[in-house]
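# Chain and residue survey
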Amino acid sequence: MSENNEQRNVSQQDYDRMLRQLNIANDNRRNMDRQLRVAGERNQKLVNALTKTKNEMEHLRLALSQDVAPPLNSALVISVQDGAITYQDLAEGKTPAEVEEHLDVLLGGRLVRITASPLLSLSKVKPGMTVLLNENTQAVLSLGFEGYGDVVTIREVLDTEHVVVDMPNQLKAVARISGALDADTLTTGDSVTYDSRLQMVTSLVPSTDAQELVLEEVPDITYSNIGGLSSQIALMRDAVELPFLHPEVYREHELTPPKGILLYGPPGNGKTLIAKAVANSLATRAAELSGKSKKTGYFLNIKGPELLDKYVGETERQIRDIFSAAREKAQAGNPVVVFFDEMESLFRTRGTGRSSDVETTIVPQLLAEIDGVESLDNVIVIGATNREDMIDPAVLRPGRLDVKIRINRPDRKGATEIFALYLTEGLPINDEEVTRAGSKQAAIETMIETVVEALFSADPKNRYIRVNLENGVSRWLTRGDFLSGAVVRNIVDHAKKQAIKSFLAGRAKGITTQHLLEAARVEFEDQVEVPQISEIEDVLSTLNVRQRVINVAPAKAVSEV
């Protein structure tokens, strides 16, 4: 009986405990329902607020977009102020117009200080840009930079915002630097556009063709690539390499290194090749003396006609650019060769011009630049011409182009050397030629000897033109008298083409002696025009014939008569 009562008592206790837990759970559920209801109300308020904000932003966007609709004024930005006023500024008596965000612009020829619309971030606006203004004179849109204006030359970089420039009227001016340029990258001699409205340099002008030539590093041409000019090469090495590589010895002997060298003579005989080989040799020897593994030098190949410009003063400016850049490279210890090809076209005798007298200003400009090379041991000027008689005497006097080397046409030995440069063992030589000579090299030597003999032979078949002189004497000139390095190369190239055509036609492969002989005949006999009188007189002078030529006739025409 007592056990049943105890069970009922325990059960009553459990029941009361469970009832209390149920009441607590009901209270928690009611609290959660209340919290959910409050959260839902808050969420609804937030949705309403976001919707209202979205609508307001849309209205604001539409309102702002109307500010960018035409018509709009434009202004040029001079400076940008990006900041906010502080208590310190107020204490110092500054006004918001001085400190707050603003733009100083040029508007209608007047300097105006304006604000920027929220549509335009001042961080993206730089001096020199063009901005559009709304009816409230607020900057609303940037159109970027304009790269227009006069081309001027930077004389000096003053600071991060200002430079001194040489104006076209020969005056100097202090100019602002546009946000499109970095003052650290600007150097003396750079060409830039100048906006006179802002008194600001706005963009960098690409280098002229003359300036870009400075970037042409030393050519990969050596003296071994030149044939038939051993004596001229020796003269060049004595005139150029000795004073450059041993300047202290020259000073000790009170000798002045030559500033310039003139290579003259008939065309196609290696004047340009010699100049390139000089540049290569100087760079190589300089690298050896300094212990550098890489040779560094510069070769400026200036073709005279390319510098001539129809605008007054432009050719002179390019000549100044050339020598300015050459001096800059030379100051770093690099040898610089300034090579003027076709020199007579630029620096002809003053007063001989037919349509204009441009040489009256071009020649003095060259003389001034050459005279300015005296303090630089690393710059050498080399000129090449076919008509040295047309060059102004002031250019050729001692102290300027004071070393003159004549590049003659090749003789038999020289022609043999040149042929050997183009006919090498790497070419396919006909098997019969090789078998007959005993080896490929012997075959090539035999072929060269045969074609050279044919070109210089006194045989009537080798006659090229007949020259009638003023003393009444007629003289025959042979094909060998008009040989040049360029002609030799043409002969070899034509022989190669004949060998290819012969092989494609089903015959034996390789170059033969007959191919070379036929190529030599074609090179001379199939020409429509005979050489010019000046060229013929140059050939006669090498033969010690000083008579003036009256007329000439090709051998083919004489034989037909």
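Going by what an unreviewed UniProt entry lists, the protein is known as Proteasome ATPase and is assigned to Rothia endophytica.

Time to look at the overall build of the protein. Within the protein one finds 18 helices and 18 strands. When the accessible surface of the protein is totalled, it reaches about 32,100 Å², and 51% of it is carbon and sulfur.

Going through the model one piece at a time under the given rule, you end up with 5 aromatic pairs. For the pair Phe 340 and Phe 347, a centre-to-centre distance of 5.4 Å together with 80° between the ring planes defines the contact as edge-to-face. Both residues of the pair, Phe 340 and Phe 347, belong to the buried class. Measuring from centroid to centroid gives 5.2 Å for Tyr 464 and Phe 482, while their planes differ by 70°, and the two rings are edge-to-face. Of this pair, Tyr 464 sits in strand β16 (residues 463-469) while Phe 482 sits in the loop between β17 (474-478) and α15 (485-504), and the two are 18 residues apart along the sequence. As far as the burial class goes, Tyr 464 and Phe 482 line up, both buried. The rings of Phe 323, Phe 340 and Phe 347 are connected pair by pair, giving a single aromatic cluster. Above the ring of Phe 503, the side-chain terminus of Lys 509 is found at 5.7 Å from the ring centroid.

So, on to the sheet that holds strand β4 (residues 129-133). Sheet architecture is closed into a barrel: 5 strands sit in the order β1-β2-β3-β5-β4, paired in mixed fashion. Adjacent strand axes in the sheet meet at a mean angle of 50°, parallel and antiparallel pairs treated alike. Where strand β3 (residues 110-116) and strand β5 (residues 138-145) come together, 2 bridges link them in parallel fashion. The residue bridging Thr 115 from the neighbouring strand is Gln 138, located in β5.

Grouped together as the largest cluster of nonpolar side chains are 37 residues, with contacts concentrated most on Phe 419, Leu 455 and Leu 483. When residues of this core are traced back to their parent elements, those giving at least two are α12 (412-422), α14 (440-456), β16, α15, α16 (513-525) and α17 (533-542). Broken down by element, this core gets its largest block of residues, 8 residues, from α14. With residues up to four places along the chain from it excluded, the contact list for Leu 483 reads Asn 269, Arg 409, Pro 410, Ala 415, Leu 455, Phe 456, Val 488, Ile 491 and Phe 524.

Before going further, it helps to spend a moment on the side chain of Glu 241. Examined against the element boundaries, Glu 241 turns out to sit in helix α5 (residues 230-245). Look at Glu 241 and you get buried, because its relative accessible area is 3%. A polar atom in the side chain of Glu 241 sits 3.2 Å from the side chain of Arg 285. When near neighbours in sequence (up to four residues on either side) are disregarded, Glu 241 contacts Tyr 223, Met 236, His 246, Ser 281, Leu 282 and Arg 285.

Attention now goes to the sheet that holds strand β9 (residues 191-195). Here 5 strands make up a closed barrel; going around it, the order is β6-β7-β8-β10-β9 and the pairing mixed. Taken pair by pair, the neighbouring strands of this sheet meet at an average axis angle of 55°, ignoring direction. Bridge count between strand β8 (residues 172-177) and strand β10 (residues 200-204): 2 bridges; the pairing is parallel. Residue pairing for β10: Ile 177 is matched across the bridge by Val 201.

Regions with low pLDDT carry predicted coordinates that are not meant to be interpreted in detail. The predicted model of the protein averages 80 in pLDDT, with 86% of residues at 70 or higher. Confidence, expressed as mean pLDDT per element, reaches its minimum in the protein at helix α4 (residues 209-212) with 52 and its maximum at α14 with 92.

With that settled, the discussion passes to the pattern of salt bridges. Summed over all chains, the structure comprises 14 salt bridges. Across the pair Asp 33 and Arg 29 runs a salt bridge, and its minimum N-O distance is 3.4 Å. In this pair, Asp 33 and Arg 29 are both assigned in helix α1 (residues 2-67), 4 residues apart and thus about one turn of the helix distant. Measuring nitrogen to oxygen at the nearest pair gives 3.0 Å for the salt bridge that ties Arg 387 to Asp 389. The exposure class of Arg 387 is partly exposed, given its relative accessible area of 32%. A network of salt bridges, in which partner residues are shared, links Glu 146, Asp 195 and Arg 197.

Attention now goes to the pairing of β5. Pairing of β4 with β5, which is carried by 4 bridges, proceeds in the antiparallel orientation. Its bridge partner lying in β5, Val 131 is registered against Ser 142. As consecutive antiparallel partners, β4 and β5 are separated by 4 residues, and within that stretch Thr 137 has a phi angle of approximately 60°, a positive value.

Moving on: the packing of α5 against helix α7 (residues 271-290). The geometry of α5 relative to α7 is characterised by a closest axis approach of 10 Å and an angle of 35° between their N-to-C directions. When the axes of α5 and α7 are compared, the crossing they make is right-handed. Residues Gln 232, Met 236, Arg 237, Val 240, Glu 241, Phe 244 and Leu 245 of α5 touch α7, and the partners they reach there are Ile 274, Val 278, Ser 281, Leu 282, Arg 285, Ala 286 and Leu 289. In terms of residue class, the contact of α5 with α7 is built from 9 nonpolar, 2 polar and 3 charged.

Scoring rules and cut-offs
Residues numbered from 1 in each chain as written. Predicted model: local features only at pLDDT ≥ 70, side-chain atom pairs only at ≥ 80, totals over all residues. Heavy atoms only, no water. Helix = DSSP H or I, 4+ residues; strand = E, 2+ residues; numbered from the N terminus. Areas by Shrake-Rupley, 256 points an atom, 1.4 Å probe, with all protein chains shown as cover. Phe/Tyr/Trp six-rings, centres within 6.5 Å; stacked < 30°, edge-to-face > 60°. Buried < 20%, exposed > 50% of the residue type's maximum accessible area, 1.4 Å probe, protein only. Lys NZ or Arg CZ within 6 Å of the ring centre and 35° of its normal. Pairing = 2+ DSSP bridges. Axes fitted to C-alpha atoms, helices over the stretch in contact; angles between N-to-C directions. Core = buried A, V, L, I, M, F, W, Y, C linked by side-chain atoms within 4.5 Å. Contact = heavy atoms within 4.5 Å. Polar contact = N/O pair within 3.5 Å; in protein donor to acceptor, adjacent residues only side chain to side chain. pLDDT = per-residue confidence, 0-100. Salt bridge = Lys/Arg side-chain N within 4 Å of Asp/Glu carboxyl O. Left-handed = near helix turned anticlockwise from the far one by under 90°. Nonpolar A, V, L, I, M, F, W, Y, C, P; charged D, E, K, R; others polar.

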